[in-house]
Amino acid sequence: MPTVPAAALEALAFAVARGWGSAEEEARIVARHLVEANLAGHDSHGVGMLPTYVRLAREGLLVPNRALEVVVDSGAVLVLEAGRGVGQRMAHEAVELGIARSRTLGASVVALRNSAHIGRIGAYGEQAARAGMAFVAFVDVADHDPIVAPYGAAEARLGTNPFCAAVPGSEGDEPVVLLDMATSTIAFGKARVARNKGLPVPEGTLIDRDGNPTTDPGPMVDRFEGALTAFGLHKGSGLAILCELLGAALTGGQTITRPMRHGVVNNMLAILVDPARLAPEGGTGEAVAAVVAWIRAARPAPGFDRVRVPGEPERESRVRRLAHGIPIDARTLAEILDAAAALGLDRAALVRGLEEVP
Ligand code: NAD
């Protein structure tokens, strides 16, 4: 598969975001976020999202240059209405506000309502951790058909509701641990890739329309027949439900039960804590490092080269992809260029731009 340097993809994403009407700073935030998702190895949340965003912008379901509206400000609690604003900017600004509050108060709770798709949630864990804050986020996905079955159900009732938690190291550094995951066993995008390649999905990841386990992704991908399973049986399903409740139902955001317009809406409840306020006597940095070292030093099981903590695979991917480029398949690139052309951008100039960046 051809690879493209990160800078070239970022320039392409920036041009597309400018094309749908985002001002420079907003376009810069989206482009950087998407390429960072690709670098982290999460192509499902990278530049391949651009065609969807273009469709949403053209249908008025993603609103460029929307300012966050403060609905509640009671010091440690902020509720922010995003009104389908460009999600990466809405969430970035919401987390910045949370960081500032947590510096003053020790902790804050930030509810972001009704944003357009906010992308890779780990980006916000990294943002908080670089500012020295521990971070926990419960996120729901609304405004489109449910695709995940709760434990024991024969049909979908939820989105892929992501959960994220980050533990900071020193200020300015990447998080020591960053857990960032969908609560479905596999992402919908992975089922689509398997269907396109004519491959089965792993056992336990899908049910058919009668609720029986299946490894055939075709009916789900082509007709939304059946559902993805939640990860970890009843436990992961419980977390997915809590993401729906804490992320959206409790904060006044759009839940999966509300009428949909076939866009993508994310609601996020984020909790940011300054660890220095939890243990003013100090030493927590050493305790965190000791736990992480203890885990990583475990004897690897057969088939594993070594034991990693959450966040490590993404960091390894970033190093690899910065050095060797981001693999991007012809179909994804063609879809991005088609979407750009639909916005009136010059396809030939965009292709030249991809080739010119060293
Ligand atoms: P995943 O299954 O690839 O990884 C989940 C987590 O497991 C990560 O924290 C990763 O570091 C960790 N991990 C993976 N392999 C590991 C290993 N060998 N050892 C230790 N830890 C390991 O991720 P996913 O569930 O497919 O989610 C992909 C992305 O999709 C995430 O960035 C998520 O935020 C995003 N997402 C966004 C939305 C949305 O609506 N905005 C919805 C769902 C998912």
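Residues numbered from 1 in each chain as written. Predicted model: local features only at pLDDT ≥ 70, side-chain atom pairs only at ≥ 80, totals over all residues. Heavy atoms only, no water.

Visitor: Provide a residue-level description of a nonpolar patch on the surface, including the pertinent values.
Guide: Taken together, Val71, Val72 and Val77 make up a surface patch of nonpolar side chains, about 180 Å² in accessible area. With respect to the element layout, valine 71 can be found in strand S2 (residues 69-73). (Patch = residues over 30% accessible without salt bridge, like charges linked within 9 Å, V, L, I, M, F, W, Y side chains within 5 Å. Areas by Shrake-Rupley, 256 points an atom, 1.4 Å probe, with all protein chains shown as cover. Salt bridge = Lys/Arg side-chain N within 4 Å of Asp/Glu carboxyl O. Helix = DSSP H or I, 4+ residues; strand = E, 2+ residues; numbered from the N terminus.)

Visitor: Can you tell me about the site of the ligand, naming the residues and giving the values?
Guide: For the ligand, the set of nearby residues contains 22 residues, the closest of which are Gly119, Asp180, Ala182, Gly311 and Glu314. At 2.8 Å, a backbone N or O of alanine 182 approaches an oxygen atom of the ligand. One of the side-chain nitrogen or oxygen atoms of asparagine 266 is found 3.0 Å away from an oxygen atom of the ligand. At the level of secondary structure, the elements contributing two or more residues to the shell around the ligand comprise strand S8 (177-181) and helix H11 (312-324). (Near = heavy atom within 4 Å. Polar contact = N/O pair within 3.5 Å; in protein donor to acceptor, adjacent residues only side chain to side chain.)

Visitor: Give me the lowdown on helix H1 (residues 6-19), citing residues and values where you can.
Guide: An ideal rise of 1.5 Å per residue puts 20 Å on 14 residues; H1 measures up with 20 Å between its terminal C-alpha atoms. When we look at burial in H1, the residues that qualify are Ala6, Ala8, Leu9, Glu10, Leu12, Ala13, Val16 and Ala17. (Expected span 1.5 Å × (residues − 1). Buried < 20%, exposed > 50% of the residue type's maximum accessible area, 1.4 Å probe, protein only.)

Visitor: I'd like to hear about the domain arrangement of the protein, residue by residue, with values.
Guide: Its domain assignment divides the protein into domain 1 (1-61 + 297-358), domain 2 (66-184 + 233-278) and domain 3 (186-229). Put simply, the middle of domain 1 and the middle of domain 2, counted by C-alpha atoms, are 22 Å apart. Contact residues are listed per partner, giving 22 residues for domain 1 and 22 residues for domain 2. If you sort the residues of domain 1 by the area they bury against domain 2, Glu26, His33 and Leu61 come out on top, with a joint share of 35%. Taken together, the links from domain 1 to domain 2 amount to 1 salt bridge. Between arginine 89 and glutamate 26 there is a salt bridge, and its shortest N-O distance comes to 2.5 Å. At the junction of domain 1 with domain 2, the criterion picks out 8 residue pairs in polar contact (both at pLDDT 80 or more). Breaking the side of domain 1 that touches domain 2 down by element, the ones donating at least two residues are helix H2 (24-39), helix H3 (50-58) and H11. A total of 6 residues in the side of domain 1 that touches domain 2 trace back to one element, the largest contributor, which is H2. Its residues placed into classes, the side of domain 1 that touches domain 2 shows 12 nonpolar, 6 polar and 4 charged. (Domains from an automatic or database assignment. Contact = heavy atoms within 4.5 Å. Buried area = accessible area lost by both parts, 1.4 Å probe. Nonpolar A, V, L, I, M, F, W, Y, C, P; charged D, E, K, R; others polar.)

Visitor: Provide a residue-level description of the state of the cysteines, including the pertinent values.
Guide: In the structure shown here, the tally under the stated rule is 0 disulfides. Left without a disulfide partner, cysteine 164 is nearest to the cysteine sulfur of cysteine 243, which lies 10 Å away. Relative accessible area serves as the criterion here: at 0%, cysteine 164 is assigned to the buried category. (Disulfide = S-S within 2.5 Å.)

Visitor: Provide a residue-level description of the packing of helix H4 (residues 87-105) against helix H5 (residues 122-130), including the pertinent values.
Guide: Put simply, H4 and H5 touch, their axes get as near as 10 Å, and they point 30° apart. Taken together, the axes of H4 and H5 are roughly parallel relative to one another. H5 is crossed by H4, and the crossing has right-handed handedness. In this structure, H4 contributes Gly87, Gln88, Ala91, His92, Val95, Glu96 and Ile99 to the contact, and H5 contributes Tyr124, Gln127 and Ala128. (Axes fitted to C-alpha atoms, helices over the stretch in contact; angles between N-to-C directions. Parallel < 35°, antiparallel > 145°, perpendicular 65-115°, else oblique. Left-handed = near helix turned anticlockwise from the far one by under 90°.)

Visitor: I'd like a description of the nonpolar core, backed by residues and values.
Guide: Residues Leu9, Leu12, Val16, Trp20, Val47, Leu50 and Leu62 are the most contacted members of the largest nonpolar core, which totals 37 residues. Here this core gets 7 residues from one element, more than from any other, and that element is H1. Core analysis: the next-biggest nonpolar cluster, separate from the first, contains 25 residues, Leu80, Ala91, Ile118 and Leu178 among them. (Core = buried A, V, L, I, M, F, W, Y, C linked by side-chain atoms within 4.5 Å.)

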